[in-house]
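# Report on the structure
If you want the building blocks of each chain, they are given just below.
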2 protein chains.
Amino acid sequence: MGRRSLLLLLLVFLTPGAATPVPPALRALSSLHISTSFKYRPTVALEYSIHYIQQKVDHFGFNTDKTFKQRYLIADRHWKKDGGSILFYTGNEGDIIWFCNNTGFMWDVAEELKAMLVFAEHRYYGESLPFGSNSFKDSKHLNFLTSEQALADFAKLIKYLKRTIPGAKNQPVIALGGSYGGMLAAWFRMKYPHIVVGALASSAPIWQFENIVPCGVFMKAVTTDFRKSGPNCSESIHRSWDAISRLAKKGTGLRWLSEALHLCTPLTNSQDVQHLKDWISETWVNLAMVDYPYESNFLQPLPAWPIKVVCQYLKNPSVSDSLLLQNIFQALNVYYNYSGQVRCLNISETATSSLGAQGWSYQACTEMVMPFCSNGIDDMFEPRSWNLKDYSDECFKLWGVRPRPSWITTMYGGKNISSHTNIIFSNGELDPWSGGGVTKNITDTLVAIVIPDGAHHLDLRANNAFDPTSVLLARSLEVRHMKQWIKDFYASLGKKHGIWWDKG
Amino acid sequence: MGRRSLLLLLLVFLTPGAATPVPPALRALSSLHISTSFKYRPTVALEYSIHYIQQKVDHFGFNTDKTFKQRYLIADRHWKKDGGSILFYTGNEGDIIWFCNNTGFMWDVAEELKAMLVFAEHRYYGESLPFGSNSFKDSKHLNFLTSEQALADFAKLIKYLKRTIPGAKNQPVIALGGSYGGMLAAWFRMKYPHIVVGALASSAPIWQFENIVPCGVFMKAVTTDFRKSGPNCSESIHRSWDAISRLAKKGTGLRWLSEALHLCTPLTNSQDVQHLKDWISETWVNLAMVDYPYESNFLQPLPAWPIKVVCQYLKNPSVSDSLLLQNIFQALNVYYNYSGQVRCLNISETATSSLGAQGWSYQACTEMVMPFCSNGIDDMFEPRSWNLKDYSDECFKLWGVRPRPSWITTMYGGKNISSHTNIIFSNGELDPWSGGGVTKNITDTLVAIVIPDGAHHLDLRANNAFDPTSVLLARSLEVRHMKQWIKDFYASLGKKHGIWWDKG
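All values derive from a computational prediction rather than experimental measurement.

Here is what the cut-offs are and how they apply
- Residues numbered from 1 in each chain as written.
- Chains lettered and ligands numbered in written order.
- Predicted model: local features only at pLDDT ≥ 70, side-chain atom pairs only at ≥ 80, totals over all residues.
- Heavy atoms only, no water.
- Helix = DSSP H or I, 4+ residues; strand = E, 2+ residues; numbered from the N terminus.
- Buried < 20%, exposed > 50% of the residue type's maximum accessible area, 1.4 Å probe, protein only.
- Contact = heavy atoms within 4.5 Å.
- Areas by Shrake-Rupley, 256 points an atom, 1.4 Å probe, with all protein chains shown as cover.
- Pairing = 2+ DSSP bridges.
- Core = buried A, V, L, I, M, F, W, Y, C linked by side-chain atoms within 4.5 Å.
- Phe/Tyr/Trp six-rings, centres within 6.5 Å; stacked < 30°, edge-to-face > 60°.
- Buried area = accessible area lost by both parts, 1.4 Å probe.
- Salt bridge = Lys/Arg side-chain N within 4 Å of Asp/Glu carboxyl O.
- Polar contact = N/O pair within 3.5 Å; in protein donor to acceptor, adjacent residues only side chain to side chain.
- Nonpolar A, V, L, I, M, F, W, Y, C, P; charged D, E, K, R; others polar.
- Disulfide = S-S within 2.5 Å.
- Least-squares fit on C-alpha atoms with pLDDT ≥ 70 in both.

### Focus on the overall build of chain A
- A tally of regular secondary structure across chain A gives 16 helices and ten strands.
- Sorting the 504 residues of chain A into buried and exposed places 62% on the buried side.
- Here the contacts in chain A between residues at least 6 apart in sequence split such that 73% fall between residues at least 24 apart.
- Of the roughly 18,500 Å² of accessible surface on chain A, a fraction of 51% belongs to carbon and sulfur atoms.

See below:
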């Protein structure tokens, strides 16, 4: 798989912030104006307050004492000072308000856990920009965008909240997060077990590094989703790549393709054709991530079980190239035009052109080096090998930095994490990221929850009438574990103070 | 306690490198010539090989890809590839060869544990200078001198050794260290449990931060040592401060004092008098640290139980000021002139004027902020309060940086470390640093070993015919724990590979 496509994959994964009408990037890079108008609105307005804390730009060096404002949200409607808890969302690569609005699970369980909800924005995303509009200027300004700095921000924020909010001091804190945020939640518990009593890491591909899992698992999982969602579906897609190539070679092929796919900008050369293929691949990947059982609007407005809808157009792989591509257009249209309002498809506009995209592109070029590949045999994509050298050169061109592919494993332990405790790894089997996740129990307190009908962190989403039983069960298990952690915390606090609690 | 004296205290603690004839500072800052001539030589020559590994200057940022050579030593005479282990010394603030020669315990147990010994030099000490002779130039060059960077060096080194030394890959690694090195060993196990199966943290004052322990415990412990080592001993010292002040105020007082104490450079003003007092205080502190049961040469060549010898000169506190000071001179002479070769005492020369001193001074001004105080009631010193503002201002003047006094606790958990496993905290009751150490079991696998007759990390020193029973017992317990960790490691490895080992 080529470099560009790889980056796109990562970006897809990690920049749901794109769903906001004004891309955070533009807001951030222009005026830092706080926009609170979001496309997605839950039916019940979520009540939270917005706060800021001064954080050191560099927790790991003393040459600069510069600080920046990190944004965080607090919702304490159901919080009880007596026997309560604090659920702490370890913000990932996007605007924290967007995550707050898309993590209904926390809101749903707040009352039961007597919990204060805290949503902490990840540095270099949303409004939490260490150098304001210069934050992405060059590798010097980006130097403090690492998972370690983000975890240190979280640690300092929790200490600050415990110190300043009356009643919070002696309460257990649980970290929660999804996707990269899920990795952060797990790593936070591993590195700061004195600060959080446990972590719910949803769809966290902590093993998608180095050669811990084969580089092909991701695209294979995407393919499986399509294979299972309709007869001949993955086969049709598999055939489409050569069909595109053949069509493109014809005299009027580029024009025909541009028209058949209703592209906003016509294709003009072979590079555009590659770009088109990457963009289509990305669309299938996105669909696999958000293959939710109900109408939703995570990366795009979509119908329930969107891959099934897509696959209705891809039942016959043995048609002519031109008919196949017309079917592909119908399929793409499900993703890009569910509203029916879109006039043409824009292949230079990904779902990820946002501030988050910039930040994640840098992170993928430094710490978050996830090898991906496809072989066209076990998956429905064109064969692409993983080439670290090319990847590194591209990173150097983009950001002036080179990736350190073994660093995450050195820092966070790779597969050797059994000495840690109290982490739930939940994964949906439909989610291509589950291939790099923990899907088997490691110990009694490092548990895996697998949701057969779940896509990307479905369990973190709000309760829905169309939720499959498997996700209801998963959520109920997660709550049970969290209650146990809370109970254990109060029991140990009681011991320390010579009293016994019967809370949680 | 004033700023200067505080820094001295810290330096004393942490710079045994001063015992080398050529201060590492001079070597490092001039020619980087490798001197292997050390004053201290064990009776049996220790066989080790010297190696270097390229380390990133900054593990936590990607703006620079600069590397430096970290030195480490390997001794594998007793190492067995079959069922063996790796004992890894987490180097602290000094030349690693000096630590290697002063950690006889590792050499004594190597055969029993079939162990390879590795001694890793701490960055910015000895030869492991990230910027060569510029390493201490300014806060920009010093920016990478932190405990986190040092631990990351260790982690990468161990991964490298496992990758490159045939037979090392599937062996358990145990971290060992004393003093600041003991803190590093403990923190290493806490942060990198996937890399080391356990840690022996000897005389590691991990709680000498913030207000975890009262700031006075240290000087109180020093005082107790003197109180117990001879009648009226601490009382004589307690009286000496006022005596010095009174004598200094007399017309010819400064001259008299300079002569009575055989000072190389006569005192000329009241600042000199304060300097004298600090220097004397430091001497008593040093003696408390190295109050070993046999002749030794850790900070200085000294007789067995040196405080007892010192106290023979300090039996009568009710003598005249001048007689008291003459006695104080005799006492100081035990420390500074056990060899009988010294013509005068040099109060501007501390036992700590070394490269280590520079590095530690910076570390004490950044992460390693240890509050100290004395009140003259519970201890034999002049009253000095802990004043963070003054401390910070002094640090800014010295290094252009300001300390972050709560960082270490945020990072490493302070007292809340019970979720970790397999750490032995050993402390000698004679050692003033034991006040900030872990002296009670926290859990079954976070155990404290207290050595009533031990000074500063006596247990890490080589076996000696004059060792008290308590240290023999401590070492035997330590070996038992380490054997258990090794056994557990092989058992879990066996499970993984479907075979059972019966090793260690």
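### Comments concerning unusual backbone geometry
Residue and element names in this part refer to chain B.
- Residues other than glycine seldom take positive phi values, yet Asn 232 does so here, at roughly 65 degrees.
- Structurally, the position occupied by Asn 232 is in the loop between helix H7 (217–229) and helix H8 (233–249).
- One non-glycine residue, Asn 422, lies in the positive phi region at around 55 degrees.
- Structurally, the position occupied by Asn 422 is in the loop between helix H15 (407–412) and strand S9 (423–428).
- Assessed through its relative accessible area of 14%, Asn 422 is described here as buried.

### Some thoughts on the pairing of strand S5 (residues 173–178) of chain B
All names here are of chain B.
- Of all six residues in S5, six are buried, a share of seventy percent or more.
- Burial along S5 is two-sided: Val 173, Ala 175 and Gly 177 facing one way and Ile 174, Leu 176 and Gly 178 facing the other are all buried.
- With four bridges joining them, strand S3 (residues 85–90) and S5 adopt parallel strand pairing. Following the sheet pairing, Tyr 89 is matched in S5 by Leu 176.

### Structural notes on the nonpolar core
- Residues Trp 187, Phe 226 and Trp 284 of chain A together with Trp 187, Phe 188, Phe 226 and Trp 284 of chain B are the most contacted members of the largest nonpolar core, which totals 319 residues.
- Once you skip the residues sitting within four places of it in the chain, Phe 188 of chain B turns out to touch Phe 88, Thr 90, Leu 151, Phe 154, Ala 155, Ile 158, Ala 175, Pro 193, Ile 195 and Val 196 of chain B.

### Digging into the packing of aromatic side chains
- Enumeration over the complete set of coordinates arrives at 51 aromatic pairs over all chains.
- Ring plane angle 50 degrees and centroid distance 5.4 Å describe the contact between Phe 188 of chain A and Tyr 192 of chain A, whose orientation is recorded as tilted.
- On the accessibility criterion, Phe 188 of chain A (0% relative accessible area) is buried.
- Given a relative accessible area of 2%, Tyr 192 of chain A falls into the buried group.
- Ring geometry for Phe 372 of chain B against Trp 433 of chain B: centres 5.6 Å apart, planes inclined by 85 degrees, an arrangement best described as edge-to-face.

### As for the interface of chain A and chain B
- Contacts between chain A and chain B engage 41 residues on the former and 41 residues on the latter.
- Carbon and sulfur atoms make up 53% of the area that chain A and chain B hide from each other, which totals about 3,600 Å².
- For the chain A face of the interface with chain B, the top three residues by lost area are Phe 60, Phe 62 and Arg 404 of chain A, together amounting to 25%.
- For Asp 65 of chain B, the salt bridge is made with Arg 404 of chain A, and the minimal N-O distance between the two is 3.4 Å.
- For the pair chain A and chain B, the number of links is 25 residue pairs in polar contact (both at pLDDT 80 or more).
- Listed by contribution, the elements that provide at least two residues to the side of chain A that touches chain B are helix H5 (147–164), helix H6 (180–191) and helix H15 (407–412) of chain A.
- When the residues that make up the side of chain A that touches chain B are grouped by side-chain class, the tally is twelve nonpolar, 16 polar and 13 charged.

### Comments concerning the state of the cysteines
Residue and element names in this part refer to chain A.
- This structure, assessed with the given rule, holds eight disulfides over all chains.
- A sulfur-sulfur separation of 2.1 Å characterises the disulfide bridge that pairs Cys 215 with Cys 373. Residues Cys 215 and Cys 373 are joined by a disulfide whose S-S torsion is about 85 degrees; by sign, that bridge is right-handed. Here Cys 215 is found in the loop between strand S6 (198–202) and helix H7 (217–229), whereas its partner Cys 373 is found in the loop between helix H13 (355–364) and helix H14 (388–399), with 158 residues between them in sequence.
- Across the disulfide, Cys 264 is cross-linked to Cys 344 (sulfur-sulfur distance 2.0 Å). An S-S torsion of about 100 degrees defines the bridge between Cys 264 and Cys 344 as right-handed. Linking Cys 264 in the loop between helix H9 (253–260) and helix H10 (270–289) with Cys 344 in the loop between helix H12 (321–336) and H13, this pair joins segments that are 80 residues apart in sequence.
- According to the relative accessible area criterion, Cys 344 is partly exposed, its value standing at 30%.
- Numbered by position along the chain, the disulfide-linked cysteines of chain A connect as 1-7, 2-4, 3-5, 6-8.

### Let's talk about the pattern of salt bridges
- Overall, the coordinates contain 34 salt bridges over all chains when judged by the stated rule.
- Across the pair Glu 127 of chain A and Arg 71 of chain A runs a salt bridge whose closest N-O atoms are separated by 3.2 Å. Residue Glu 127 of chain A is located in the loop between strand S4 (115–120) and H5, and its partner Arg 71 of chain A is located in strand S2 (residues 67–75); the two are separated by 56 residues in the primary sequence.
- You can call Glu 127 of chain A buried: its relative accessible area is 12%.
- Residue Arg 71 of chain A is classed as buried on the basis of its relative accessible area, which comes to 1%.
- Among the salt bridges present, the one from Arg 246 of chain B reaches Asp 321 of chain B, with a minimum N-O distance of 2.7 Å. Taken together, the residues span a long stretch of sequence, with Arg 246 of chain B in helix H8 and Asp 321 of chain B in helix H12 (residues 321–336) at a distance of 75 residues.
- Taking relative accessible area as the criterion, Arg 246 of chain B reaches 40% and is therefore assigned partly exposed.
- Linked through salt bridges whose partners overlap, the residues forming this network are Arg 71, Asp 95, Glu 121 and Glu 127 of chain A.

### Comments concerning the relation of the copies chain A and chain B
- Screw-axis analysis of chain A against chain B gives a translation of 0.0 Å along the axis, an RMSD of 0.0 Å, and a rotation angle of 180 degrees. Within this description, the copies of the chain are treated as partners about a two-fold rotation axis. Distance from the rotation axis, computed per C-alpha, reaches its smallest value in chain A at Lys 191 of chain A: 2.9 Å.
- The overlap is high: 100% of the interface residues of chain A also sit at the interface in chain B, so the same surface is used on both sides.

### Points about the side chain of Asn 333 of chain A
- Along the polypeptide, Asn 333 of chain A turns up in helix H12.
- For Asn 333 of chain A, a relative accessible area of 19% gives the class buried.

### So, the environment of His 59 of chain B
- By the secondary structure assignment, His 59 of chain B is in the loop between strand S1 (49–56) and strand S2 (67–75).
- The spacing of His 59 of chain B and Tyr 89 of chain B is 30 residues in sequence and 20 Å in space, taken between C-alpha atoms.
- Residues in contact with His 59 of chain B, not counting those within four places in the same chain, are Arg 404 and Trp 407 of chain A together with Arg 123, Gln 149, Ala 152, Asp 153 and Lys 156 of chain B.
- At 2.6 Å, the side chain of His 59 of chain B forms a polar contact with the side chain of Asp 153 of chain B.

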